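# Secondary and tertiary structure notes
Listed below, chain by chain, are the residues.
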Amino acid sequence: MRRPKILAAFSPEERNKAHLLLATRVAVMMGRKFEEGDWSYVYCRAKGIPEQGWSNLSIDVMHHGLGVEHKMLGQPSDKPLSSVCGTRLMHPALTRSIRIPSGRLSASAVMRDILGQYARLVGERKKKLQEDAPGTRPDLRTGWLVWEKGLQEFLYFEEETLEPDPADYTAEWKESGGGNRKASKNLWVYEKETGHKRYSITTSAGPKIQPYFDVPPPTEPNLYLFRVQGEEISPGRIRLWVTEGTARELKNLVGDLTADNLSIVIENAASEPSDENAMSEQAREQATPIEVTTETYGLLTATFPKAVSDEHMFRMLLTRLRAPS
């Protein structure tokens, strides 16, 4: 069976822009949930593509023959995000634009019908891309963003979107529920070649295709891993991203923002009590990097354990520094 190729999503310059934009976005979010519109903003700004807004109904990104359907999946914060590399993950929804055929049909017959529906949807999207950019070859992709719920790390890759060939798959019905749960029946679709499950198709509470996708290994050159909080840039050195307003205010209070000076400032501030809930209005500006030692970062996180982000920790530090002695 034909498998999708992993494709380059960013040039080196675009990747750097995406890193900065993502760090900025996280800095101003103050711990709220990361949403589809956040990634759409980062992606389009980094690539210089007009942002058209995220949608469940149409292609998320469409520009001069390029179409990208973004799929996001959050992961727990109890282990490095790189641990998902080389694994298979399930996304809760590839598409809801399907119908379940009526009648008492076999699993294989239903699978052929539904995969045929999805293949036609992919074909329609490619046709739309071609109409949008006549003379170009439509480049339809799926962009997978896996994000760590502590908003420290994000992993992204793109692969070509292919029309599935029902001949490459087998299927069976699976019953679930019982007891206090309402019984339901899903269709599980497997690759003939490997026996791996590729799709789970729900038949109740809103039919949809739930795909299983393969995260590339860390050696894949077109796999992008962004760390935007507590980023180790060299042994003993941590880079944090804060808003420019926070960096300016910190510099006004303590002078230079070198790692050595910040170590002294944070060590002194750690022993002073303050109201950790006091927060001034944060600047909605581009993030700026600040470097500290690993030991200082550990002291900072221990001093402000309730902080939801690096930006929040520095806002708490500013509150402590502004407090009268």
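Here goes a summary of the coordinates provided. Remember, it's a predicted structure, so these values are computed and weren't measured experimentally. (Residues numbered from 1 in each chain as written. Predicted model: local features only at pLDDT ≥ 70, side-chain atom pairs only at ≥ 80, totals over all residues. Heavy atoms only, no water.)

### Quick look at the overall build of the protein chain
- A tally of helices and strands in the protein chain yields seven helices and 14 strands.
- If you line up the protein chain on its principal axes, its C-alpha atoms span 80 × 60 × 35 Å.
- In the protein chain, buried positions account for 47% of the 325 residues.
- Pairs at least 24 apart in sequence give 67% of the contacts found in the protein chain among residues at least 6 apart.
- Carbon together with sulfur atoms contributes 49% to the accessible area of the protein chain, which is approximately 16300 Å² in total. (Helix = DSSP H or I, 4+ residues; strand = E, 2+ residues; numbered from the N terminus. Buried < 20%, exposed > 50% of the residue type's maximum accessible area, 1.4 Å probe, protein only. Contact = heavy atoms within 4.5 Å. Areas by Shrake-Rupley, 256 points an atom, 1.4 Å probe, with all protein chains shown as cover.)

### Digging into the side chain of Glu160
- Considering the arrangement of structural elements, one finds Glu160 in strand β6 (residues 153–160).
- Glu160 sits in the buried class, given a relative accessible area of 15%.
- In this structure the side chain of Glu160 is engaged in a polar contact, spanning 3.1 Å, whose partner is the side chain of Arg2.
- In this structure the side chain of Glu160 is engaged in a polar contact, spanning 2.9 Å, whose partner is the backbone nitrogen of Lys5.
- Non-local contacts of Glu160, meaning those with residues more than four positions away in its chain, are made with Arg2, Arg3, Pro4, Lys5, Leu7, Leu140 and Arg141. (Polar contact = N/O pair within 3.5 Å; in protein donor to acceptor, adjacent residues only side chain to side chain.)

### Side note on the environment of Val292
- When you line up the elements, Val292 lands in strand β14 (residues 287–293).
- Measuring from C-alpha to C-alpha, the distance between Val292 and Thr258 comes to 7.5 Å, with 34 residues separating the pair along the chain.

### Some points on empty space enclosed by the protein
- Here the structure, examined in full by the defined rule, presents three cavities of 30 Å³ or more.
- In this structure, the largest cavity spans a volume of roughly 80 Å³.
- In this structure, the largest cavity is lined by Glu69, Leu94, Thr95, Tyr118, Val122, Arg125, Leu140, Arg141, Thr142 and Thr161.
- Residue assignment for the lining of the largest cavity shows that the elements contributing at least two residues are α3 (107–132) and β5 (139–148).
- Looking at the lining of the largest cavity residue by residue, the classes come out as four nonpolar, three polar and three charged. (1 Å grid on protein atoms, 1.4 Å probe; cavity = no way out; pocket = protein on both sides within 12 Å on 5 of 7 lines; lining within 4 Å. Points joined across faces, edges and corners; volume = space filled by probe spheres on them. Nonpolar A, V, L, I, M, F, W, Y, C, P; charged D, E, K, R; others polar.)

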